[in-house]
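A closer look at the structure
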Amino acid sequence: YWTTTRVINSTPAVSDTTNISLIALRMRASKQLSGMIDNFSVEATSKLYRYDSGWGWATTQNPAWVYYDIVTGDANYAAVDSTRVDTDTIKEWATFCDTEGYEFNAVIDSEITVFELLKAVCATGQASFNFLDTEYSVIYDDTQNSVKQLITPRNSWDLQGTRNTLSMPHGFKVGFVNDENGWKQDERIVYDDGYDATGTGDNDAATDIVALNWLGVTQPDQVYKLARYQLACLRLRPETFTVNMDWEHLAINRGDLVRVNYDTIKWGLGVARVREAGKLAGVYVIDIDDEFTMSS
């Protein structure tokens, strides 16, 4: 009776190690171990192509470089060339994420579209997906100083506005995988100003708690910052305004900083165009095509 044949080959088990990290195991055989190992756990960090004073491969958890890898990397069967990526904005976003301490940590072991995964990565870095001039890009919420356009009744029409009248939640209950607790499923409740669990001091007891889940967020501090950011958006951005514009809309893209001057909503004193500018008796003078009533 022939029962077993074993062949030991001295050549490497994996011939092409390009962009692949290998793990070696050495263990002592015992009665509890026989045959193959069904599973084992490992804590790993992606090695991605990123920019840091120059392009190169490095371990990183920055959402910006995860985004860049999803768009251009080997895991995407429809990957695009790097020339189709808005690398300048991605670099700026990467610096923003480093400053804020934002990371993306997730094991993608189920079916998900590239677009949905990109949106999930953006959410962990206070950003949203954007496709600008045939390039993959993002819009991240940071302070801007450069005003790209002035919108007035002279270059737009049909101003409309809507206001969110929903009540503010008292806080968010966020489910996440906690890297400080052995990568176990955890949750953290983040309260709005004036609320806590029991209503101590000047706070009220929170009763309206909304559940949230973030893919890729594993740090309790990042959970707190993102939840507080969402609460701030709900409180400070309750209104949405829309206008129609002609060709002058070409000067701006989604996410750009603009100024709005509209009498309907009482933003600004008025609207006029400069007809002539010059100097009269040593004083600079401008001539506009409308009248304004100003207080002394």
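Residues numbered from 1 in each chain as written. Predicted model: local features only at pLDDT ≥ 70, side-chain atom pairs only at ≥ 80, totals over all residues. Heavy atoms only, no water.

Counting its regular elements, the protein chain contains 4 helices and 15 strands. In terms of overall size, the protein chain is more extended than a compact globule, its C-alpha atoms giving a radius of gyration of 28 Å where 296 residues would be expected to give roughly 19 Å. Dimensions of the protein chain, computed from C-alpha atoms along their principal axes, come out at roughly 110 × 55 × 35 Å. Across the 296 residues in the protein chain, those meeting the buried criterion constitute 26%. Within the protein chain, counting contacts between residues at least 6 apart in sequence, those at least 24 apart form 61% of the total. Counting every atom, the protein chain has about 21,500 Å² of accessible surface; 49% of that belongs to carbon and sulfur. (Helix = DSSP H or I, 4+ residues; strand = E, 2+ residues; numbered from the N terminus. Rg over C-alpha atoms; globule rule 2.2 N^0.38 Å. Buried < 20%, exposed > 50% of the residue type's maximum accessible area, 1.4 Å probe, protein only. Contact = heavy atoms within 4.5 Å. Areas by Shrake-Rupley, 256 points an atom, 1.4 Å probe, with all protein chains shown as cover.)

On to unusual backbone geometry, then. Of note, D158 is a non-glycine position whose phi angle comes to about 60°, a positive value. In this fold, D158 is placed in strand β6 (residues 156-163). One non-glycine residue, A281, lies in the positive phi region at around 55°. Its location among the elements puts A281 in the loop between β14 (274-280) and β15 (283-288). Judged by relative accessible area, A281 falls into the exposed class, the value being 78%.

We now examine helix α2 (residues 87-100). Under the 1.5 Å per step criterion, the end-to-end length of α2 is 20 Å for 14 residues, consistent within 8% with the ideal 20 Å. Taken as a whole, α2 has its buried residues at T89, I90, W93, A94, F96 and C97. End-on view of α2: buried residues confined to an arc of 165°, all on one side of the axis. Relative to its buried face, α2 has exposed residues pointing more than 90 degrees away, namely D88, T95, D98 and T99. Remark: G101 follows α2 within two positions and exhibits a positive phi of approximately 75°. (Expected span 1.5 Å × (residues − 1). Arc of directions from axis to C-beta.)

This next bit is on the layout of surface pockets. If you add up the space inside the largest pocket, you get close to 1,700 Å³. Together, 45 residues line the largest pocket, and A44, T45, S46, A106 and V107 are the ones closest to its centre. Listed by contribution, the elements that provide at least two residues to the lining of the largest pocket are β1 (47-51), α1 (63-72), α3 (114-123) and β7 (171-178). When residues in the lining of the largest pocket are grouped by element, the largest group, 5 residues, is from α1. Considering only residue class, the lining of the largest pocket consists of 25 nonpolar, 16 polar and 4 charged. The volume enclosed by the second largest pocket comes to roughly 1,100 Å³. At the level of secondary structure, the elements contributing two or more residues to the lining of the second largest pocket comprise β3 (127-132), β4 (135-140), α4 (220-236), β12 (239-245) and β13 (257-260). (1 Å grid on protein atoms, 1.4 Å probe; cavity = no way out; pocket = protein on both sides within 12 Å on 5 of 7 lines; lining within 4 Å. Points joined across faces, edges and corners; volume = space filled by probe spheres on them. Nonpolar A, V, L, I, M, F, W, Y, C, P; charged D, E, K, R; others polar.)

The next subject is α4. Structural remark: α-helix, 3.6 residues per turn; residues separated by three or four positions point the same way. Between its first and last C-alpha atoms α4 spans 24 Å; for 17 residues at 1.5 Å apiece the expected length is 24 Å, and the two agree. The set of residues buried in α4 consists of P220, Q222, V223, L226, A227, L231 and C233. Buried positions along α4 lie against α3, β7 and β8 (184-191).

Everything listed here is a matter of geometry and, on its own, says nothing about what the molecule does.
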